[in-house]
Amino acid sequence: MKLYVTPTSPYARLAMIARLDLGLEKTVELVWTKTRVSDDPVLSVNPSGRIPFLQFEDGTGFEDTDVIVEYLDRLAEPRRYARPEPATEPAPGLPPQLSDAGDDAYWRFRRLEASARSMLDGVSVWAREIKRLVEEQSPDIIAHEGRRADRLAHTFDDEIGFAPLALTVDGLNLVQMLLFCALDVHRRVPEMDWRDGCSGLSAWYDRMLELPAVGGSVPPDGV
Ligand SMILES: N[C@@H](CCC(=O)N[C@@H](CS)C(=O)NCC(=O)O)C(=O)O
C-alpha cells in the first residue's frame, strides 16, 4: 500500500505520524509527490489532487486524514486511536436533551478534535497564502488566520494538562496529532508565534517532538 505525501503538507505529516506510531512503515510505503503543479502527478491517482492519499494494490484508495488514520488504525489492530464512547445515561435528573455534554469524555474529545482540525485548516490557508507572490497575497486573509491561530493556541494552552490533550503512557490520539500538526506549521510561517504567552502548549509541543513517531516523521530535505 502507498501513502502519497508532500514534505510541506501538515495533513500529510499527520498521516506519516500515524504510520510510524502504528508500526506500519513496512506495510505502507511513502511516495513523495507534488501538488498544484502543471501535469500534477497526484491527479493520476486521486482526482481531487489532494494529499495525503492512501492507495491500495488495485490502484484504488482514499484521501483525507480522518479516513486514512482510521483505516491505518484498524489495519494495525488492536485499535489505538478509537474515540471514547458517548455516555448513554443523561445527567441525573435531566432529560437527555437538557443534559450537559461538556463533561462527557466523548463530547469533550470531539470538541477538541473539531477545534484542532479548525486550527489546522486555518493555518494551512495561512501557509498557502504566504507562498503566493507578495503582490498577490491578501493582508486580510493573513491577519484573519493569524488571529484565529492565536485565539485557538490560547484556548489549547488552557486545556493542555487535561484529557485528551495530556500526554500519557497510553500513547497518541487524533486530537494530539491534529494539534501538533497545526502548531508545527510555524516552521513555514515565521509570523506564527503561538509560543508567545502559551508556555504550557510550548512545553507540550516540545515533548511531542521527542516522541519517535513525531520526531521520526520530519520530512527529509530535498524530497
Ligand atoms: N481535509 C483534508 C485536507 C488535505 C489538504 O488540503 N491537502 C492539501 C495539502 S496541505 C492538498 O493536497 N492540496 C492540493 C490542492 O489543493 O490541489 C485532509 O484532512 O487530508
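Residues numbered from 1 in each chain as written. Predicted model: local features only at pLDDT ≥ 70, side-chain atom pairs only at ≥ 80, totals over all residues. Heavy atoms only, no water.

Trainee: Break down the site of the ligand for me, citing the residues and quoting the values.
Mentor: Inspection of the region around the ligand gives Ser-9, Tyr-11, Thr-35, Arg-36, Gly-49, Arg-50, Ile-51, Pro-52, Asp-64, Thr-65 and Arg-117 as its neighbouring residues. Between the ligand and Arg-50, the relevant distance is 3.3 Å, taken from an oxygen atom to a side-chain nitrogen or oxygen of the residue. Within the side chain of Asp-64, one N or O atom sits 3.0 Å away from a nitrogen atom of the ligand. When the ligand is considered free in solution it has 520 Å² of accessible area, and contact with the protein chains removes 83% of it. (Near = heavy atom within 4 Å. Polar contact = N/O pair within 3.5 Å; in protein donor to acceptor, adjacent residues only side chain to side chain. Areas by Shrake-Rupley, 256 points an atom, 1.4 Å probe, with all protein chains shown as cover.)

Trainee: Go over the state of the cysteines with me, naming the residues and quoting the values.
Mentor: Scanning the model with the defined rule gives 0 disulfides in all. Here Cys-181 stays unpaired: no disulfide links it, and the sulfur of Cys-198, its closest cysteine neighbor, is 18 Å away. Note on Cys-181: relative accessible area 2%, which makes it buried. (Disulfide = S-S within 2.5 Å. Buried < 20%, exposed > 50% of the residue type's maximum accessible area, 1.4 Å probe, protein only.)

Trainee: Explain the packing of aromatic side chains residue by residue, including any values.
Mentor: A full pass over the atoms with the stated rule returns 7 aromatic pairs. With a centroid separation of 4.7 Å and 80° between ring planes, the pair formed by Tyr-106 and Trp-107 is classed as edge-to-face. On the basis of relative accessible area, Tyr-106 is assigned to the buried category, the value being 15%. Accessibility expressed as a relative area gives 42% for Trp-107, which makes it partly exposed. Put simply, the rings of Phe-56, Phe-62 and Tyr-71 touch in pairs and so form one group of aromatic residues. (Phe/Tyr/Trp six-rings, centres within 6.5 Å; stacked < 30°, edge-to-face > 60°.)

Trainee: Lay out the domain arrangement of the protein chain in plain terms, naming residues and giving numbers.
Mentor: Buried accessible area, meaning the area lost when the parts come together, often serves as the stated size of an interface. For the protein chain, the assigned domains are domain 1 (2-75) and domain 2 (96-213). Here the C-alpha centre of domain 2 lies 22 Å away from the C-alpha centre of domain 1. Listed as interface residues are 13 residues of domain 1 and, on the opposing side, 19 residues of domain 2. In this assembly, domain 1 packs against domain 2 so that about 1,400 Å² is buried in total across both faces, 60% of it on carbon and sulfur atoms. Interface area lost by domain 1 to domain 2 is led by Tyr-11, Leu-14 and Ile-17, which between them contribute 36%. (Domains from an automatic or database assignment. Contact = heavy atoms within 4.5 Å. Buried area = accessible area lost by both parts, 1.4 Å probe.)

Trainee: Quick rundown of a negative patch on the surface? Include the residues and the values.
Mentor: Taken together, the side chains of Asp-150, Glu-191, Asp-193 and Asp-196 make up a negatively charged region of the molecular surface. Tracing the chain through its elements places Asp-196 in the loop between helix H5 (174-183) and helix H6 (199-210). We classify Asp-196 as exposed; its relative accessible area is 56%. (Patch = residues over 30% accessible without salt bridge, like charges linked within 9 Å, V, L, I, M, F, W, Y side chains within 5 Å. Salt bridge = Lys/Arg side-chain N within 4 Å of Asp/Glu carboxyl O. Lys, Arg positive; Asp, Glu negative; His and termini not counted. Charge placed at Lys NZ, Arg CZ, Asp CG, Glu CD. Helix = DSSP H or I, 4+ residues; strand = E, 2+ residues; numbered from the N terminus.)

Trainee: Got a sec to walk through the pairing of strand S2 (residues 29-32)? Specific residues and values, please.
Mentor: It is a general feature of regular strands that their side chains alternate between the two faces of the sheet. With 4 bridges joining them, strand S1 (residues 2-5) and S2 adopt parallel strand pairing. Each residue of the ladder has a partner; that of Tyr-4, found in S2, is Val-31. (Pairing = 2+ DSSP bridges.)

Trainee: Describe the side chain of Ser-202, with residues and values.
Mentor: Here Ser-202 lies in helix H6. Look at Ser-202 and you get buried, because its relative accessible area is 12%. When near neighbours in sequence (up to four residues on either side) are disregarded, Ser-202 contacts Trp-194 and Arg-195.

Trainee: Summarise the side chain of Glu-159; cite the residues concerned and give the values.
Mentor: Relative to the helices and strands, Glu-159 resides in helix H4 (residues 139-159). Look past the residues within four positions of Glu-159 in its chain and what remains in contact with it is Arg-108, Arg-111, Leu-112 and Leu-165.

Trainee: Just give me the short version of the pattern of salt bridges, but keep the residues and values in it.
Mentor: Evaluated as defined, the whole model comprises 14 salt bridges. A salt bridge links Glu-70 to Arg-74, with the shortest nitrogen-to-oxygen separation between them at 2.9 Å. Of this pair, Glu-70 and Arg-74 both sit in helix H2 (residues 65-75), 4 residues apart, roughly one helical turn. The exposure class assigned to Arg-74 is partly exposed, which follows from its relative accessible area of 43%. Look at the salt bridges and you will find they share partners, linking Asp-66, Arg-83, Arg-110, Glu-113 and Arg-117 into a network.

Trainee: An account of the packing of helix H1 (residues 10-21) against H5 is needed here, citing residue identities and associated values.
Mentor: In contact at an axis separation of 9 Å, H1 and H5 are set at 140° when each is read in the N-to-C sense. Taken together, H1 and H5 sit at an angle that is classed as oblique. Judged by the twist between their axes, the crossing of H1 over H5 is right-handed. Taking contact as the criterion, the partners of Pro-10, Arg-13, Leu-14, Ile-17 and Ala-18 in H1 are, on H5, Leu-174, Met-177, Leu-178, Phe-180 and Cys-181. Each residue belonging to the contact of H1 with H5 can be placed in one class, and the counts come to 9 nonpolar, no polar and 1 charged. (Axes fitted to C-alpha atoms, helices over the stretch in contact; angles between N-to-C directions. Parallel < 35°, antiparallel > 145°, perpendicular 65-115°, else oblique. Left-handed = near helix turned anticlockwise from the far one by under 90°. Nonpolar A, V, L, I, M, F, W, Y, C, P; charged D, E, K, R; others polar.)

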